[in-house]
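For reference, the chains in residue letters:
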Amino acid sequence: MRLPGMSQPFLLSPIAECSPGPPGAELRLAVLGARGVGKSALIVRFLTKRFIGDYEPNTGSLYSRLVRLDGEQVAVHIQDTPGCL
Ligand SMILES: Nc1nc2c(ncn2[C@@H]2O[C@H](COP(=O)(O)OP(=O)(O)OP(=O)(O)O)[C@@H](O)[C@H]2O)c(=O)[nH]1
């Protein structure tokens with residue numbers, strides 16, 4: 001997925017990767033589904049609180065972010081998958 005004029009995938013720029021650190025709570029998710037059902041859009045919405053309508057076919061990317069859940073910092077890793085079901 002790219003925005004016009006951007007040479008890098010949009011998600012890789014503004015969203016900081018989780019830095020390696022002491023072991024803590026970790027959540028690993030994989031988003032599965034048929035092609036074009038909105039898997040990437042769902043992940044973008046979760047990570048950026050925005051809906052981005054300009055997409056390129058997804059090849060499967062892993063996104064990581066620190067989020068606060070019930071007062072605890074949790075490393076969330078989300079695997080986007082290319083639709084093939
Ligand atoms: N209107 C609208 N369009 C959406 C929504 N979610 C996704 N789309 C559009 O549907 C198309 C496919 O969305 P993607 O998020 O790329 O779907 P995907 O499942 O990741 O697709 P693949 O990676 O090809 O499997 C894109 O053009 C999106 O803009 C939504 O909630 N509303």
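Look up: the structure comes first, before these words.
An account of the accompanying structure is given in this report. No experiment lies behind these values; they were computed from the predicted model shown.

**Here's the deal with the nonpolar core**
Residues Val31, Ile43, Leu47, Tyr63, Val67, Val74, Val76 and Ile78 constitute the largest nonpolar core, which totals eight residues. Broken down by secondary-structure element, the contributors of at least two residues to this core are helix H1 (39–48), strand S2 (62–69) and strand S3 (72–80). If one sorts the elements of this core by residue count, S3 sits on top with three residues. Among all residues touching Val31, those that are not within four sequence positions of it are Lys39, Ile43, Ile78, Gln79 and Thr81.

**Concerning a nonpolar patch on the surface**
A cluster of nonpolar side chains, namely Leu27, Leu29 and Leu69, defines an oily patch on the protein surface of about 230 Å² accessible area. Of note, Leu29 is situated in strand S1 (residues 25–31).

Reading the values: rules and limits
Within any chain, residue numbers begin from 1 and follow the written order of that chain's sequence. Two thresholds apply to this predicted model, a pLDDT of at least 70 for residue-level local features and 80 or more for giving and counting side-chain atom pairs, whereas whole-chain, interface and lining totals are computed over all residues. As a rule here, side-chain values cover all heavy atoms of the structure and leave hydrogens and water aside. In this description, a nonpolar core means a group of buried Ala, Val, Leu, Ile, Met, Phe, Trp, Tyr and Cys residues linked to one another through side-chain atoms lying within 4.5 Å. Exposure categories follow from relative accessible area, calculated using a 1.4 Å probe and restricted to protein chains: below 20% of the type maximum is buried, above 50% is exposed, and the middle band is partly exposed. Going along the chain from the N terminus, every DSSP run of H or I of four or more residues is numbered as a helix, and every run of E of two or more is numbered as a strand. In this description, contact between two residues means that some pair of their heavy atoms is separated by no more than 4.5 Å. Each patch is built from residues lacking any salt bridge and having more than 30% relative accessible area; the joining distance is 9 Å for like charges and 5 Å for nonpolar side chains (Val, Leu, Ile, Met, Phe, Trp, Tyr). Note on areas: Shrake-Rupley with a 1.4 Å probe; residue coverage comes only from the protein chains shown. What makes a salt bridge here is a side-chain nitrogen of Lys or Arg within 4 Å of a carboxyl oxygen of Asp or Glu, nothing more.

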